[in-house]
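Descriptive structure summary
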Amino acid sequence: MNAAAHGIRPAQPGDARAMSRVFAAAIEGKARDSYGPRERTAWIARGTPERFAAMLEDGRNRLFVAASGAAVHGIAGLTGCELSLLYTTPDAPPGTGARLLAAVEGVARAGGIAGLGVTASRNALPFYLRHGYAVVRLATRPLPGGVALPVCLMAKALLP
């Protein structure tokens, strides 16, 4: 797959603000039926431009954006053998999430990573199941303000 042909490129330091906006828009627009306002607010608080800037500077992260011109409408990340981010705005072109996921999986395979794990939100569970991820166990993710976000740990084998 040629990710660049689909508007997917490595994230750059100047993308931190746009990445924060995508993160917040995805949570507000897509997790509304799965999580309450307190959970969404605490979750969004994790996605500051400063946090994304720090992630971009950390060499352990491989971060990607899906963009059309100057508009960023999706973000994804690979940290070690974990799909660490995958968010798209509600108005992202159809298939943006799948293209970002394929790009991350392609980079992981090329790096010899045998499988990926992901901490999936309730609203993302059907997406990951459709893309070959299996449930490992239910868990919670601690968030600011003492909020615990119910999530699902999932995994997928990449190499035979």
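Anything mentioned here points back to the structure above.
Note that the coordinates shown come from a computational prediction; the quantities given were computed from them, not determined experimentally. (Residues numbered from 1 in each chain as written. Predicted model: local features only at pLDDT ≥ 70, side-chain atom pairs only at ≥ 80, totals over all residues. Heavy atoms only, no water.)

Our next topic: the overall build of the protein chain. A count of helical and extended segments in the protein chain gives five helices and seven strands. Scanning the protein chain from its N terminus toward the C terminus, one meets helices and strands in the order β-α-α-α-β-β-β-α-β-α-β-β. Its C-alpha atoms give the protein chain a radius of gyration of 15 Å, within 12% of the compact-globule value 15 Å for 160 residues. Along the three orthogonal principal directions, the C-alpha set of the protein chain runs to about 40 × 35 × 30 Å. Taking all 160 residues of the protein chain together, the buried fraction comes to 44%. Long-range pairs, those at least 24 residues apart, make up 61% of the contacts in the protein chain between residues at least 6 apart in sequence. For the protein chain, the accessible surface area stands at approximately 7,900 Å², while carbon and sulfur atoms represent 57% of it. Counting 18 positive and 10 negative side-chain charges, the protein chain places the averaged centre of each group 4 Å from the other. (Helix = DSSP H or I, 4+ residues; strand = E, 2+ residues; numbered from the N terminus. Rg over C-alpha atoms; globule rule 2.2 N^0.38 Å. Buried < 20%, exposed > 50% of the residue type's maximum accessible area, 1.4 Å probe, protein only. Contact = heavy atoms within 4.5 Å. Areas by Shrake-Rupley, 256 points an atom, 1.4 Å probe, with all protein chains shown as cover. Lys, Arg positive; Asp, Glu negative; His and termini not counted. Charge placed at Lys NZ, Arg CZ, Asp CG, Glu CD.)

Most of strand β2 (residues 61-68) sits out of view: six of its eight residues are buried. When strand β1 (residues 8-10) meets β2, the two strands line up antiparallel, connected through three bridges. Within β2, the residue paired with proline 10 across the bridge is phenylalanine 64. With eight bridges connecting them, β2 and strand β3 (residues 71-79) associate as antiparallel partners. Within β3, the position partnered with valine 65 by the bridge is isoleucine 75. Hairpin connection from β2 to β3: two residues lie between these consecutive antiparallel strands, with glycine 69 at a positive phi of about 65 degrees. (Pairing = 2+ DSSP bridges.)

Our next topic: the pattern of salt bridges. Here the structure, examined in full by the defined rule, presents five salt bridges. Across the salt bridge formed by arginine 9 and aspartate 15, the nearest N and O atoms sit 2.8 Å from each other. By relative accessible area, which is 30% here, arginine 9 ends up partly exposed. With a shortest N-O distance of 2.5 Å, glutamate 28 and arginine 32 are connected by a salt bridge. Exposure remark for arginine 32: the relative accessible area of 47% places this residue in the partly exposed category. Connected via shared salt-bridge partners are Glu28, Arg32 and Arg40. (Salt bridge = Lys/Arg side-chain N within 4 Å of Asp/Glu carboxyl O.)

The N-to-C vectors of helix α1 (residues 16-30) and helix α2 (residues 37-45) enclose an angle of 165 degrees; their axes lie 9 Å apart at closest approach. Comparing their axes, α2 and α1 come out roughly antiparallel. For the pair α1 and α2, the sense of crossing is right-handed. Mapping the contact onto sequence places Phe23, Ala24, Ile27 and Glu28 in α1 and Arg40, Trp43 and Ile44 in α2. Across the contact of α1 with α2, the residue classes break down as five nonpolar, no polar and two charged. (Axes fitted to C-alpha atoms, helices over the stretch in contact; angles between N-to-C directions. Parallel < 35°, antiparallel > 145°, perpendicular 65-115°, else oblique. Left-handed = near helix turned anticlockwise from the far one by under 90°. Nonpolar A, V, L, I, M, F, W, Y, C, P; charged D, E, K, R; others polar.)

Another point: the environment of alanine 70. Looking at the element boundaries, alanine 70 is found in the loop between β2 and β3. The exposure class of alanine 70 is exposed, given its relative accessible area of 83%. Here the alpha-carbon distance between alanine 70 and alanine 18, two residues 52 residues apart in the chain, equals 9.6 Å.

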